[in-house]
Structures are given as structure tokens and as C-alpha cells.
Amino acid sequence: MTREYGAPLGTHELPLLFTRVYRALDARRGQIDALNVFPVPDADTGTNMVLTIKAGLDALRDARRQQIRDPAELARVVIRGVIRGARGNSGVILSQVLRAVVDEATSHDQVDAVAYANALASAQELAYSAVVEPVSGTMLSVIAAAANQARAAVDAGASLACVSRQTCEATRQAVEHTPAQLQVLRDANVVDAGGRGFEVLITAVHAFLTGEQLDVAVDVGAQLPDMVASGCHASEKYPYEVQYLLDADNVSVAPLRHALSQHGDSVVVVAAGNLINVHVHTADVGKVIDVGVAFAPPQNVAITDLRAQIQEAHNPNGTLTEMANIRVQFVGLVAEPAVAGLIGTTNAVQILPDDSSLDDVTSAISPSTALILIAADTPAGAQTAVHFAQQLGQERRADALIACDSPLALLAAISVMDPTGAPDTVLADIHEVLDTLKVTTVTPHPEGVTVADTTGAITYVHDLSVAVRAQLQNRHVQMVTIMFGDLSTLQQRSDVTRVISDWCPDAEQVVLDLPGANVIAWVGVE
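None of the values given here were measured: they were computed from a predicted structure.

J.: Residues and numbers for a positive patch on the surface, please.
T.: Together, Arg20, Arg23, Arg61 and Arg64 make up a region of like positive charge exposed at the surface. Broken down by secondary-structure element, the contributors of at least two residues to the positive patch are α1 (14–27) and α3 (45–65). For Arg20, a relative accessible area of 34% translates into the label partly exposed.

Right under this line is the structure:
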């Protein structure tokens, strides 16, 4: 039955709405995955959309547990949660739709037709602005069609239920029109996967608002034997998907998008509440991560070999099959909880030394893992890692590597790591980048600061600027990276940057912050 007055939708109803949308998308996840052919046929659009809406639902539940009642604060927390959890190209775009919904719902006691149309207009603007090169025939076109129809219906004086119904119909038509806009969809005889996912979402919203259940077409998956076998798709030029988070000012988004567009495509960058989610397809993982490092330490870095994922997702007949397990995996022995975010990839296991055990490590590692990279953030942690490395090598018959002993080294290792690469190649790449990086850790001392090298030996007890000079002297320095923790002072920050400029005027200088880190700084010299 249709309720023309519209069901109430405001702050308190958001968990119910998100649950309805999550269930609808999750029920169609496999079908949407099977449609995924653009920009690469990696069969994960539905999964990424489900994970993104799940992140929003989890954020809403956490806000309830924290008893957050102020609508503006609730919106901030949930939007940050959505952006933090957005996965893949489609998920990052979807995060902007969810952001628009949350903004409108928390700004009104009850969403009416005008607010509904405003939410879609905002979603369209946010989604298009997030993508460096929007493409017609994709999820973006479908969102635009929905927003335009909602505005037209409101201008004609329609009720909320009527506006919602007309919007769903416009969305359906836009999805069916996507093959006429994009050649790759015509070749595969499918509609756009992200567009169909958005149709499932907008139809679930309509059911929540009105009680009316509208049908969404059930699709037959794409048949891509020639494309998969020949590698005839965008991943040949840009074989890696890189995604990470930055705690940086929202104003950083525009220069980030521009810089990333020089190193790949499918560039999508979104931000809210000084949290930025970066997504890009690239041939140079290191350069893409370096772009982010210029703004803040990258967190939750995820690197996917698209070619391997495509081959694993499809059998020789071009139909979907089960994804194979990863071959390379990080294990983090992290003393500083703030550092854990740096290895927050889908492959990462984060373990604090105080509660670590071999069982904890081995139970979380894929049985087919060919190489395990032990990443520790302190010299003491590196010593602990030696023990784990030896036992892991025996226990799982896997090669083990002590990858690094500081957050700066960890960032460097991640920047060159190929999760599906040949173990020997991965080892060589990481050894090469770490061999050129010398890092010291600076912590407070009653007489000044304690400066420890990578062996744990104290090399200086004096002020920070003197310690930095000692590390720079008698070396040909190309780059100096300073990662400041919470114990640093403004004076120390000023002194360090001045010393580097004075002693190494030609060296590149990168200054980062790691909020929550219980140190003054890590100083890395290359």
C-alpha cells in the first residue's frame, strides 16, 4: 500500500533507512558484481557498494552507543564513517550520495519532497565533483537523471511519495539507457553495474518512505571471454588500484585530484570533516602514495593488482568464479596504536606486542600466502618480529621478512609493495627502498631529547635541532622526511625545518603528522 503522505524520515530514522538500503544491496550484491565491466571487469562493484553502506550503518550504531544526540555532530560522525569505509570507485561515489542523505535528514525534523530533491541535487554535485573525468553511461549519469527528475516533480508541486516514485522510474530508465552511452556496456550486453546499484538504493528508499515495493530488473551477468583472455581493458595501462585515507584539510582535495590525475585514471577523491578518501588506478603505486604523503601520512593503504583480480574473478569462459587468495600479506607488530592505520589494508593484520601470540598471527594469515612481510614500528618491535618471522617460516612454510622498524620505513615499504607480485620481486623492491632510508626516533628526555637509531642505541641526548644536524652531516641528502607525533612542540617543529633548510638547501623536505603517536618525531633521511 502506498502512503501518499510519506513516512517520516529524520535523524532518528536514519539507522532504519540505512538498514533497509543495506539489505537491499546485499541481496543483489552478486548480480551487481556480475555486471561490472567498466572501468575494468573486476567484478566488485556490488561488494564495494555493500561495504560502503555497511560502514555508514556501523557509524550510526556507534553514534547510538556513544549517545550522540546533536544532529550536526551525528552527521559529522556518520559522514566521516562513510568516507572512511568507502571501497572502490563505486563505493567512493556512493559515499557522496549517503553524505547528501545524512546532511538533509539531520537538518530537518521530517524530510519532505523539497528536502528529498535537495538531497539528490547535492548527491549529484558531490559525486561529479569527486571524479576527475566523469563518464556518461555510468553511475554518475544515473544519479544526475534521478536528481533532475526529483527537481522537476517538486517544481510541479508533487507530494513526497509522488516525487519518489517518479524519481525511481527516471532512475530505471537511465540505467537501461547506459549501454547506449558506453560502448563497453554494449559489447558486454549489460547495463552499468554502479547505475543498477544506485537503482536498488533509490528503490529501497522509496519503499521506506511510502511502503510501496517497486521491482528492479534482474540482470544476466556479462560474458567477457575475449576481454578477459586478451587483457583488453583499462587495467593494461593502469594495472593497480590504490586507495588510502588522509587526515588532511578538505581544501587539499583539489590539488590532490590534480596531482593524482598525472599518474593514473579512475581518480576519485572525496573529503568531509578533514578526512580524505583517495582512489586511483595507476601504473606507479609509489608515486601515487608519494602524492598523498605530501599532505599527510596515508592510512588504510590498499593496493590491488587489477589484472590478477580480473583473471581470478572470471573463468576462461568469461563468467564469474571465486576470487583466489592473496599471495603477499602484511603482519604488523605495532607498539604505537596510531601507526596501525598505516597498515590498514584489506590484507593487514595489526597486532600490539602486549597481546601478541603466534596463534594470533597464524590464524589471521591466508593459507595460500607465499610471502609474509613483518612490519614493526620500533627497534624493540623489530626484535620481536625476528622471533615471529622464524616461527612463521616454519609454521606456514612462508618466506618472512623484517620489513621495517619505523612508521616512515613502513610507509616506504607499502609504497612499493605489490600484494600479488612474485615473492622474490617484492622482497627485492622493499629491500631496495629501505636500504636507502635511515630513520631515527626522537622521544622526550629530562635533559632534552633521546635520539635512537634503528638498532635501539641512544645516539644523542640534546635538543632536537642538534640531533637533526648530526644525522645530516657528512651525507649526500636527497630527501628528509619528518613525521611528528603528539609530543612535539611548535618550537621543535620550527627548529627542525629551519635546520634542514640551512644544512640541505637542495634536499626535498617532507613534513608529516601522525596524530596519537607517543613520540616527538621520526626523522628519515635518504
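Let's pick the thread back up.
J.: Mind laying out α1, listing which residues take part and the relevant values?
T.: When the terminal C-alpha atoms of α1 are compared, their 20 Å separation across 14 residues agrees well with the 20 Å that a helix rising 1.5 Å per residue should span. The inward-facing, buried residues of α1 abut α2 (29–35), α3, α5 (88–105) and α10 (193–210).

J.: If you had to explain the sheet that holds strand β4 (residues 299–305) to someone new, which residues and values would you point to?
T.: Ordered by their spatial adjacency, four strands build an open sheet running β2-β3-β1-β4, and the pairing between neighbours is antiparallel. Strands at the two margins of the open sheet, each flanked by one partner only, are β2 (264–272) and β4. On average, each strand axis in the sheet is inclined to that of its neighbour by 10°, with strand direction left out of account. Bridge analysis of strand β1 (residues 240–247) against strand β3 (residues 275–282) gives eight bridges, and the strand direction is antiparallel. The residue bridging Asp247 from the neighbouring strand is Leu275, located in β3.

J.: Give a description of the side chain of His279 that names residues and reports values.
T.: The residue His279 is located in strand β3 in this model. A polar contact of 3.4 Å, which involves the side chain of His279, links it to the backbone nitrogen of Asn89. Side chain to side chain, His279 and Glu241 meet in a polar contact 2.8 Å long. Setting aside its immediate chain neighbours within four residues, His279 contacts Gly88, Asn89, Val92, Glu241, Val242, Gln243, Ser266, Val267 and Val268.

Reading the values: the criteria
- Residues numbered from 1 in each chain as written.
- Predicted model: local features only at pLDDT ≥ 70, side-chain atom pairs only at ≥ 80, totals over all residues.
- Heavy atoms only, no water.
- Patch = residues over 30% accessible without salt bridge, like charges linked within 9 Å, V, L, I, M, F, W, Y side chains within 5 Å.
- Areas by Shrake-Rupley, 256 points an atom, 1.4 Å probe, with all protein chains shown as cover.
- Salt bridge = Lys/Arg side-chain N within 4 Å of Asp/Glu carboxyl O.
- Lys, Arg positive; Asp, Glu negative; His and termini not counted.
- Charge placed at Lys NZ, Arg CZ, Asp CG, Glu CD.
- Helix = DSSP H or I, 4+ residues; strand = E, 2+ residues; numbered from the N terminus.
- Buried < 20%, exposed > 50% of the residue type's maximum accessible area, 1.4 Å probe, protein only.
- Expected span 1.5 Å × (residues − 1).
- Contact = heavy atoms within 4.5 Å.
- Pairing = 2+ DSSP bridges.
- Axes fitted to C-alpha atoms, helices over the stretch in contact; angles between N-to-C directions.
- Polar contact = N/O pair within 3.5 Å; in protein donor to acceptor, adjacent residues only side chain to side chain.

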